[in-house]
Amino acid sequence: MAKIPVQFTLNGSEKAEFVESGTTLLNALRDKIGDTSPKGGCHQGTCGACSVIIDGELRLSCLTLAETCNGATITTTSGLAEGGVLHPLQRAFLDAFASQCGFCTPGMIMAAKVLLDHTPNPSRDEVVEALSGNVCRCTGYEPIIQAVLTAARANSQNAT
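Nothing here was measured: the structure is a model prediction, and the numbers come from that model.

Rules used in this analysis
- Residues numbered from 1 in each chain as written.
- Predicted model: local features only at pLDDT ≥ 70, side-chain atom pairs only at ≥ 80, totals over all residues.
- Heavy atoms only, no water.
- 1 Å grid on protein atoms, 1.4 Å probe; cavity = no way out; pocket = protein on both sides within 12 Å on 5 of 7 lines; lining within 4 Å.
- Points joined across faces, edges and corners; volume = space filled by probe spheres on them.
- Domains from an automatic or database assignment.
- Salt bridge = Lys/Arg side-chain N within 4 Å of Asp/Glu carboxyl O.
- Helix = DSSP H or I, 4+ residues; strand = E, 2+ residues; numbered from the N terminus.
- Buried < 20%, exposed > 50% of the residue type's maximum accessible area, 1.4 Å probe, protein only.
- Contact = heavy atoms within 4.5 Å.
- Buried area = accessible area lost by both parts, 1.4 Å probe.
- Pairing = 2+ DSSP bridges.
- Axes fitted to C-alpha atoms, helices over the stretch in contact; angles between N-to-C directions.

Colleague: Can you break down the layout of surface pockets residue by residue, with the values?
Modeller: If a probe the size of a water molecule is rolled over the atoms, the empty space left behind becomes visible. Put simply, the largest pocket is a space of about 170 Å³. If you count residues domain by domain, the lining of the largest pocket takes at least three from each of domain 1 (3–79) and domain 2 (88–159).

Written out as structure tokens, the structure is:
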């Protein structure tokens, strides 16, 4: 089978790979590029563990074909920390004990990041709605919701 060239920006770095037609972005990221931060949970688009940001929008990498990402800007949780300093969402999740097994955490953080990028001071209901596409089997969601609200407050205090 012929391979398809794909070029995109991943976490600020240019990437170029050859992928087989039908390769998901999740598989390309994990197997070809080595970014294992998106997790393959259900591989059907229902758990959210594979969520990434593509050109500013939350996308499920298990349902996104890598070949459709040519020229895109992609962000994963491994690209959020800068200079060894955790992103405020990552710090809030850590401080609030918002992950137990941690499997859903990358998807939760990416969904929360898109929310905060578009709605810097969300209500609790807006946080719940933004996270609704992500399944967590450990925390009961409350620590996750509180972590997102804490990060939003921290961001608004830093902006003033």
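Colleague: Tell me about the pattern of salt bridges, and name the residues and values.
Modeller: The full count for this structure, using the stated rule, is 4 salt bridges. Note that D117 and K113 form a salt bridge whose closest N and O atoms lie 2.9 Å from each other. In this pair, D117 and K113 both sit in helix α3 (residues 105–118), 4 residues apart, roughly one turn of the helix. The class for K113 is buried, based on a relative accessible area of 17%. For E142, the salt bridge is made with R124, and the minimal N-O distance between the two is 2.4 Å. Taken together, the residues span a long stretch of sequence, with E142 in helix α5 (residues 142–159) and R124 in helix α4 (residues 124–131) at a distance of 18 residues. Taking the relative accessible area as the measure of exposure, E142 reaches 34% and is therefore partly exposed. Assessed through its relative accessible area of 37%, R124 is described here as partly exposed.

Colleague: Break down unusual backbone geometry for me, citing the residues and quoting the values.
Modeller: A positive phi angle, close to 50 degrees, is found at D55, a residue other than glycine. Within the secondary structure, D55 sits in the loop between β3 (51–54) and β4 (57–60).

Colleague: Account for the domain arrangement of the protein, with residues named and values stated.
Modeller: Taken domain by domain, the protein comprises domain 1 (3–79) and domain 2 (88–159). Averaged C-alpha coordinates put domain 1 and domain 2 at centres separated by 22 Å. The partner domain 2 presents 13 residues to the 17 residues of domain 1 that form the contact. It is I53, L58 and T77 that lose the most area in domain 1 upon contact with domain 2, and together they represent 40% of the buried surface on that side.

Colleague: Could you give me a rundown of the sheet that holds strand β2 (residues 13–20), with the residues and numbers involved?
Modeller: Read from one edge of the open sheet, 5 strands run β2-β1-β5-β3-β4, paired in mixed fashion. The sheet is open, and its two edges are formed by β2 and β4, each paired on a single side. Within this sheet the neighbouring strands show an average axis-to-axis angle of 40 degrees, counted without direction. Pairing of β3 with β4, which is carried by 4 bridges, proceeds in the antiparallel orientation. Bridge pairing in β4 links V52 to R59. Against the sheet, helix α1 (residues 25–33) makes contact with β1 (3–10), β2, β3 and β5 (73–75), and its axis sits at roughly 85 degrees relative to β1, the strand it touches most. Its contacts with the sheet place α3 against β3, β4 and β5, and it is angled at close to 35 degrees to β3.

Colleague: How would you summarise the pairing of β2 if you had to cite specific residues and measurements?
Modeller: Sheet faces and side chains relate simply in a regular strand, where the side chains alternate between the two faces. Examined bridge by bridge, β1 and β2 share 8 bridges and lie antiparallel to one another. Of the residues in β2, the one forming a bridge with F8 is K15.

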